[in-house]
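Summary of the model geometry
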Amino acid sequence: NPEHSGLTSRCVIAEACLPCNEDNDCGGDYLCMNVGGLGNLADMRCAAPCNAEDACDDATLSCTEGIDATGAPTGKFGCKPDACE
């Protein structure tokens, strides 16, 4: 289809902590969350999605509402990694 010639599909691994700019950069239904600070200290990484009342698969993770680089809540909840290597 010529109308789709500019589109490419890519395989993206659903894995926590991968660097990202937006949800589409993360595999599966993973979210792009800020695991760092604000402004220049923001550290956007992929995280498994969750609901506020759900526990995360990994007991060391807590289900947290994401914030953007300005500290504004995103309304999306993810299993936020405490630290990414």
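So, here's what we can say about the structure. Please read these numbers as outputs of a predicted model, since none were measured by experiment.

Attention now goes to the overall build of the chain. Check the secondary structure of the chain and you find zero helices and four strands. Taken from the N to the C terminus, the helices and strands of the chain come in the order β-β-β-β. When the accessible surface of the chain is totalled, it reaches about 5700 Å², and 50% of it is carbon and sulfur.

Okay, unusual backbone geometry next. Here Cys17, not a glycine, exhibits a phi torsion of approximately 80°, which is positive. Its location among the elements puts Cys17 in the segment before strand S1 (31–34).

Okay, the nonpolar core next. The tendency in soluble globular proteins is for nonpolar side chains to be buried side by side. Counting five residues, the largest nonpolar core consists of Cys20, Cys26, Tyr30, Cys32 and Cys46. Cys32 has contacts with Cys20, Asn21, Glu22, Asp23, Cys26, Met44 and Arg45, leaving out every residue within four places of it along the chain.

Under the defined criterion, the tally for this structure stands at two salt bridges. Between Lys76 and Asp23 there is a salt bridge; the shortest N-O distance is 2.5 Å. One end of the pair, Lys76, is in strand S4 (residues 73–80); the other, Asp23, is in the segment before S1, and 53 residues separate them in sequence. Of the residues examined, Asp23 reaches a relative accessible area of 23% and is grouped as partly exposed. Ionic pairing is found between Asp43 and Arg45, a salt bridge with its closest N-O pair at 2.8 Å. You can call Arg45 buried: its relative accessible area is 13%.

Cut-offs used in this document
- Residues numbered from 1 in each chain as written.
- Predicted model: local features only at pLDDT ≥ 70, side-chain atom pairs only at ≥ 80, totals over all residues.
- Heavy atoms only, no water.
- Helix = DSSP H or I, 4+ residues; strand = E, 2+ residues; numbered from the N terminus.
- Areas by Shrake-Rupley, 256 points an atom, 1.4 Å probe, with all protein chains shown as cover.
- Core = buried A, V, L, I, M, F, W, Y, C linked by side-chain atoms within 4.5 Å.
- Buried < 20%, exposed > 50% of the residue type's maximum accessible area, 1.4 Å probe, protein only.
- Contact = heavy atoms within 4.5 Å.
- Salt bridge = Lys/Arg side-chain N within 4 Å of Asp/Glu carboxyl O.

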